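Reading the structure
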Amino acid sequence: MEVTFFGTSAGLPTKERNTQAIALNLEPYSNSIWLFDVGEGTQHQILHHSLKLGKVSHIFITHMHGDHIFGLPGLLSSRSFQGGDGKPLTLIGPKGIKEFVEMSLSLSESHLNYPITYIEIDEDLSYSHDGFTVEARILNHGIPSYGYRIEAPETTGTINVQALRDIGLEPGPKYQEVKLQDTFEYNGQLYQSQDFRGQSKKGPIIAIFGDTKPCANEQYIAQYADLMVHEATYIEGEKTLANNYHHSHIDDVFDLIKHAQVKHSLITHLSNRYNVEDIEQINQALQNKADTPQFSFVKDFDSFKI
Ligand SMILES: [Zn+2]
Ligand SMILES: [Zn+2]
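None of these values were measured; they are calculated from a predicted model.

Each value, and the rule that gives it
Residues numbered from 1 in each chain as written. Chains lettered and ligands numbered in written order. Predicted model: local features only at pLDDT ≥ 70, side-chain atom pairs only at ≥ 80, totals over all residues. Heavy atoms only, no water. Helix = DSSP H or I, 4+ residues; strand = E, 2+ residues; numbered from the N terminus. Buried < 20%, exposed > 50% of the residue type's maximum accessible area, 1.4 Å probe, protein only. Contact = heavy atoms within 4.5 Å. Areas by Shrake-Rupley, 256 points an atom, 1.4 Å probe, with all protein chains shown as cover. Donors = N, O, S within 2.8 Å, 3.2 Å for Na, K, Ca; no water. Tetrahedral: all angles 85-135°; square planar, octahedral: opposite > 155°, others 65-115°. UniProt positions renumbered as here; feature names shortened; annotations may be inferred. Expected span 1.5 Å × (residues − 1). Arc of directions from axis to C-beta. Polar contact = N/O pair within 3.5 Å; in protein donor to acceptor, adjacent residues only side chain to side chain. Salt bridge = Lys/Arg side-chain N within 4 Å of Asp/Glu carboxyl O.

**Thoughts on the overall build of the chain**
- Scanning the chain for helices and strands turns up 10 helices and 18 strands.
- Its C-alpha atoms put the chain at 70 × 55 × 35 Å along the principal axes.
- By residue count, 51% of the 306 residues in the chain fall in the buried class.
- Across the chain, the fraction of contacts at a sequence separation of at least 24, relative to all contacts at a separation of at least 6, is 62%.
- Accessible surface, the chain: about 14,700 Å² in total, of which carbon and sulfur atoms supply 49%.

Take a look at the structure:
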């Protein structure tokens, strides 16, 4: 899978950084792409990338602040003309997301040529699709804001060719049954497929957070994540200022990484007050400190494979 950032600024765009949008490419598990947040100008950013809007099957919105949703009506309209014709879309987000989209489209007399299924979250959400599970939990941001925990499907272990040869079964079409079914029959005998496969492997866990100050539900979303995307609106100065504005300070994110034992962390939604040089300088200082956990600040168009 691959995570790509189309916007990494907080609140307002800057010359280098657009407002929030993240794409999760589900290959090799599925052909689809899931978007998380659609800040203003997201569709312009996507034009500089190979991503096709027609492949976007799901959009998840973390919360209703403008830097996370103002690009939605435009992107949904363009999807009609960019390969989305007749391809259903699922839009998941806080209460009000349906009204926001339908009102924007109806007042501008925009008509989509594909259906949208809306799922509005109240307190939390459990959702499954294509073998993926998605859990959402409410965070602490002044207005309802959610973190999403995505678990990819389990993959079956590789086939033990020698063990199959030992029972007389040479490589061929029958191996597909061993790979995909619980049992298989050979020479009139029934075998358990798992005896001829390696250990099945759990799919990676990805945690994508909406804006928040530290709260208990963060731990649930981030626990043992292979990849976490989290905001740090403030990457220097006093923690209390960040938390007073219902945002996270970089030290809050470091605490979460350590407590939840996150493997790899990508930090986004840095305040628009920081320019590229500021971020690089602060990054250097943090990376040089002995107790800093593994993390990266992300820029627009950065991509990470998982
Ligand atoms: Zn924001
Ligand atoms: Zn916000």
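**Notes on the coordination of the zinc ion (ligand 1)**
- Coordination of the zinc ion (ligand 1) by the protein comes from Asp67 (OD), His68 (NE2), Asp211 (OD) and His269 (NE2), over a distance range of 2.1 to 2.2 Å.
- Here the zinc ion (ligand 1) binds 4 donor atoms, and the angle range of 89 to 170° at the metal identifies the geometry as irregular.
- In this model, the zinc ion (ligand 1) sits 3.4 Å from the zinc ion (ligand 2), the two metals being bridged by Asp211. Remark: His269 occurs in the loop between β15 (264–268) and β16 (270–271) and His68 occurs in helix α2 (residues 66–69); sequence separation between them is 201 residues.
- By relative accessible area, His68 is classed as buried at 1%.
- Taking relative accessible area as the criterion, His269 reaches 2% and is therefore assigned buried.

**Some words on the coordination of the zinc ion (ligand 2)**
- At the metal site, the zinc ion (ligand 2) is ligated by His63 (NE2), His65 (ND1), His141 (NE2) and Asp211 (OD), and these contacts range over 2.2 to 2.4 Å.
- Viewed at the metal, the 4 donor atoms of the zinc ion (ligand 2) are separated by angles of 89 to 170°, and the geometry they form is irregular.

**Some details on the UniProt feature "binding site: Zn(2+) 2" (unreviewed entry) in the chain**
- Summarizing the sequence annotation, UniProt attributes the feature "binding site: Zn(2+) 2" (unreviewed entry) to Asp67, His68, Asp211 and His269 in the numbering used throughout. A maximum C-alpha distance of 10.6 Å among these annotated residues, which run over 203 residues, shows that they cluster at one spot.
- Dropping the residues within four chain positions of it, His68 is found in contact with Gln20, Asp37, Val38, Gly39, Ile61, Thr62, His63, Asp211 and His269.
- Other than its neighbours up to four places away in sequence, His269 contacts Thr8, Ser9, Ala10, Gly11, Gln20, Asp67, His68, Asp211, Glu231, Ala232, Thr233 and His247.

**Overview of helix α10 (residues 276–287)**
- A rise of 1.5 Å per residue sets the reference length of α10, with its 12 residues, at 16 Å; its end C-alpha atoms lie 16 Å apart and thus fit the reference within 8%.
- Among the residues of α10, Ile279, Ile282, Asn283 and Leu286 are the ones counted as buried. Buried residues along α10 cover an arc of 105° about the axis, so they all sit on one side. Among the exposed residues of α10, those oriented more than 90 degrees off its buried face are Glu277 and Gln281.
- Packed against the buried residues of α10 are α9 (250–260), β16 and β17 (296–297).
- For α10, the side-chain oxygen to backbone nitrogen distance between the N-cap and Glu277 is 3.0 Å, and the N-cap itself is Asn275.

**Some remarks on the pattern of salt bridges**
- A full pass over the atoms with the stated rule returns 12 salt bridges.
- Between Arg165 and Glu170 there is a salt bridge, and its shortest N-O distance comes to 2.8 Å.
- The partly exposed category is assigned to Arg165, whose relative accessible area is 39%.
- Between Lys263 and Asp226 there is a salt bridge; the shortest N-O distance is 2.8 Å. With a gap of 37 residues between them, Lys263 in the loop between α9 and β15 and Asp226 in the loop between α7 (217–222) and β14 (227–231) connect regions that are remote in the sequence.
- The exposure class of Lys263 is exposed, given its relative accessible area of 55%.
- Among the charged side chains, a network of salt bridges with common partners joins Asp124, Glu135 and Arg137.

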